[in-house]
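Listed here are the chains, written in short residue letters.
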Amino acid sequence: MNTRRDVFQAIADPTRRAILLLVASQAMSAGAIAANFDTARPTVSKHLQILTECQLLQQVQTGREIFYHFNAEKMNELVYFVKQFRDMWDERFNKLEDIMKQQKPQ
Amino acid sequence: MKTIVTAENGKQDLLITREFDLPVESLFRAHVEPELIVQWMSNPYATAKLVKFEPKKHGSYHYESVDAAGNVVFNSHGVFHDVLPNTRIIRTFEMENGPFGIVLEFSEFESLGANKSKLTIHGIYESVVKRDELLKMPFREGMNMAHDKIQEIGENLK
């Protein structure tokens, strides 16, 4: 079954959050990532699959191994979501300013 | 952050000020033209809809915020008491099922030159408790963190 995945689902699990922190600093193979956890290898594989489906990780074939790369751009979706609460008014007014600058004077 | 939120302890009002690099006419239009309002009130996660919008004396309005899946995230509505072009808008505001009750808002539009203007929103809440409910919302943290930082820097200068 192909379930709909999004970035929010990706960070809902503590192991997946730990994986993201690991891979954010350097691309790693599935084996190297799994070595950091006590969890069974298939469980880690499942987490990697979900993170890849959510596009927070990208698989890159390097020689015989697949390396997982962190996708910072996708992570920004989360940042944006949180930011709009923090700077609610400021965000809106910045947008207002941008929109009105593009308007022709009446 | 260009938007300044001032909330004095123990008071039931809130002051929001913001300067724009826009003529006051543009700033005002952005508040009364529906097609402009929905643009700046929307974001990638929620689209603003104006179910009803009558920016005039005794007119009323009803905003709906809808997420990507089509769910209504929140409803807000109120009544316009005065709409004076390029000068002010006085209205009430209520977020349905929100914790902060009904707010009376005085928005003043001020020209600071050909391409500069200022918006001042003075919101009056039913009680100190209701106003403080609004301040609990997470956007406030950004402000507090900034203020803490200023405090910290200031103290290091002593």
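Residues numbered from 1 in each chain as written. Chains lettered and ligands numbered in written order. Predicted model: local features only at pLDDT ≥ 70, side-chain atom pairs only at ≥ 80, totals over all residues.

Digging into the confidence of the model for chain A
The pLDDT averaged across chain A works out to 87; a share of 90% of its residues lies at or above 70. Per-element confidence in chain A ranges from a low mean pLDDT of 76 for helix H5 (residues 72-86) of chain A to a high of 95 for strand E1 (residues 28-29) of chain A. (pLDDT = per-residue confidence, 0-100. Helix = DSSP H or I, 4+ residues; strand = E, 2+ residues; numbered from the N terminus.)

Some words on the pairing of strand E7 (residues 102-111) of chain B
Residues and elements named next belong to chain B. Pairing between strand E6 (residues 88-95) and E7: seven bridges, direction antiparallel. Within E7, the residue paired with Arg 88 across the bridge is Glu 108. Hairpin connection between E6 and E7: a loop of six residues separates the two successive antiparallel strands, and Asn 97 in this loop has a positive phi of roughly 65°. Between E7 and strand E8 (residues 117-124), which follow one another and run antiparallel, lie five residues, and Gly 113 among them has a positive phi close to 135°. (Pairing = 2+ DSSP bridges.)

Some remarks on unusual backbone geometry
Even without glycine at this site, Gln55(A) takes up a positive phi of about 65°. In this structure, Gln55(A) sits in the loop between helix H4 (41-53) and strand E2 (57-62). Unusually for a residue other than glycine, His58(B) sits at a positive phi of about 70°. By secondary structure assignment, the location of His58(B) is in the loop between strand E3 (46-53) and strand E4 (60-67). Of the residues examined, His58(B) has 9 C-beta atoms within 10 Å and is grouped as exposed. (Buried ≥ 20, exposed ≤ 12 C-beta atoms within 10 Å, placed from the backbone.)

Comments concerning the packing of helix H6 (residues 88-102) of chain A against helix H2 (residues 34-41) of chain B
To describe two helices that pack against each other, one gives the angle between their axes and the distance between the axes. Two elements in contact, H6(A) and H2(B), have axes whose closest approach is 8 Å; the angle formed by their N-to-C orientations is 135°. As judged from the angle between their axes, H6(A) and H2(B) are oblique. Relative to H2(B), H6(A) is oriented so that their crossing is right-handed. Contact residues: H6(A) offers Arg92(A), Lys95(A), Leu96(A) and Ile99(A), while H2(B) offers Leu36(B), Gln39(B), Trp40(B) and Met41(B). Residue composition of the contact of H6(A) with H2(B), by class: five nonpolar, one polar and two charged. (Axes fitted to C-alpha atoms, helices over the stretch in contact; angles between N-to-C directions. Parallel < 35°, antiparallel > 145°, perpendicular 65-115°, else oblique. Left-handed = near helix turned anticlockwise from the far one by under 90°. Contact = placed C-beta atoms within 7 Å. Nonpolar A, V, L, I, M, F, W, Y, C, P; charged D, E, K, R; others polar.)

What to know about the interface of chain A and chain B
In this complex, chain A contributes 18 residues to the contact, which on the side of chain B involves 23 residues. At the level of secondary structure, the elements contributing two or more residues to the side of chain A that touches chain B comprise H5 and H6 of chain A. Of all the elements, H6(A) adds the most residues to the side of chain A that touches chain B, at 11 residues. Of the residues belonging to the side of chain A that touches chain B, the class tally is nine nonpolar, two polar and seven charged.

Focus on the sheet that holds E2(A)
Residues and elements named next belong to chain A. Across the sheet, three strands lie side by side as E1-E3-E2; this open sheet has antiparallel pairing. Looking along the sheet, the strands with just one partner apiece sit at the ends: E1 and E2. With two bridges connecting them, E1 and strand E3 (residues 65-70) associate as antiparallel partners. The residue bridging Ser 29 from the neighbouring strand is Phe 67, located in E3. Contacting E1, E2 and E3, helix H2 (residues 14-25) crosses the sheet at an angle of about 95° to E3.

Describing the sheet that holds strand E2 (residues 13-20) of chain B
Residues and elements named next belong to chain B. A sheet is described by the order of its strands in space; here eight strands give the open sequence E1-E2-E8-E7-E6-E5-E4-E3, paired in antiparallel fashion. In this open sheet, the two edge strands, each paired with only one partner strand, are strand E1 (4-6) and E3. For this sheet, the mean inter-axis angle between neighbouring strands, taken without regard to orientation, is 20°.

Observations concerning the packing of H2(A) against H4(A)
Residue and element names in this part refer to chain A. Running from N to C, H2 and H4 cross one another at 70°; their axes reach a closest spacing of 10 Å. The orientation of H2 with respect to H4, classified from their angle, is roughly perpendicular. Of the residues in H4, those touching H2 at Thr 15, Arg 16 and Ile 19 are His 47, Leu 48, Ile 50 and Leu 51. In the contact of H2 with H4, the residues fall into four nonpolar, two polar and one charged.

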